[in-house]
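Chain and residue survey
Each chain, letter by letter, is given below.
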Amino acid sequence: LRRGGHAMAFAPDAVVLHAHPSSLTRFWAQHVGYGRGARRYWRLQRAHSGQGLRVEPLRFYLGMLLWPFRQPHIAHPRRVAALMALSQVANAVGFFL
């Protein structure tokens, strides 16, 4: 949209509530879909800018997996970390399919 001349805007009072029933199968499929979308985005970005794929450094992913353990309000940090890891694996699978 920005390349088309449209401006971005920040709306701090905008609230989006997004919740729907889920299962492990739906979770996997959703994150595989995110990976497929990321691949399409990367291809378009590469065609426009000529830049290659940029992967976050390992410390980014380690920080993401450790984040739930640093949050006192998360009741089951191991479960959250496991789902975060699974989401990244599913995303990679979708990206490379």
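In what follows, the accompanying structure is described. (Residues numbered from 1 in each chain as written. Predicted model: local features only at pLDDT ≥ 70, side-chain atom pairs only at ≥ 80, totals over all residues. Heavy atoms only, no water.)

In a packed pair of helices, the relevant descriptors are the angle between the two axes and the axis-to-axis distance. Close contact between helix 2 (residues 58-66) and helix 3 (residues 77-96) brings their axes to 8 Å; oriented N to C, the two are set at 145°. In contact with Tyr-61, Met-64 and Leu-65 of helix 2, helix 3 contributes Ala-81, Met-84, Ala-85 and Gln-88. Its residues placed into classes, the contact of helix 2 with helix 3 shows six nonpolar, one polar and no charged. (Axes fitted to C-alpha atoms, helices over the stretch in contact; angles between N-to-C directions. Helix = DSSP H or I, 4+ residues; strand = E, 2+ residues; numbered from the N terminus. Contact = heavy atoms within 4.5 Å. Nonpolar A, V, L, I, M, F, W, Y, C, P; charged D, E, K, R; others polar.)

Another aspect to go through is the packing of aromatic side chains. Taken as a whole and assessed by the stated rule, the structure comprises three aromatic pairs. Between the aromatic rings of Trp-42 and Phe-95, the centroid separation amounts to 6.1 Å while the plane-to-plane angle is 55°, which identifies the pairing as tilted. Separated by 53 residues along the polypeptide, Trp-42 in helix 1 (residues 24-49) and Phe-95 in helix 3 bring together distant segments of the chain. Residue Trp-42 shares its accessibility class with Phe-95, and that shared class is buried. On the numbers, 5.0 Å between centres and 90° between planes, the contact of Phe-60 with Tyr-61 is edge-to-face. Given a relative accessible area of 41%, Phe-60 falls into the partly exposed group. (Phe/Tyr/Trp six-rings, centres within 6.5 Å; stacked < 30°, edge-to-face > 60°. Buried < 20%, exposed > 50% of the residue type's maximum accessible area, 1.4 Å probe, protein only.)

It is worth spelling out a nonpolar patch on the surface at this point. A cluster of nonpolar side chains, contributed by Trp-28, Val-89, Val-93 and Leu-97, occupies part of the molecular surface with about 370 Å² of accessible area. Of note, Trp-28 is situated in helix 1. Given a relative accessible area of 32%, Trp-28 falls into the partly exposed group. (Patch = residues over 30% accessible without salt bridge, like charges linked within 9 Å, V, L, I, M, F, W, Y side chains within 5 Å. Areas by Shrake-Rupley, 256 points an atom, 1.4 Å probe, with all protein chains shown as cover. Salt bridge = Lys/Arg side-chain N within 4 Å of Asp/Glu carboxyl O.)

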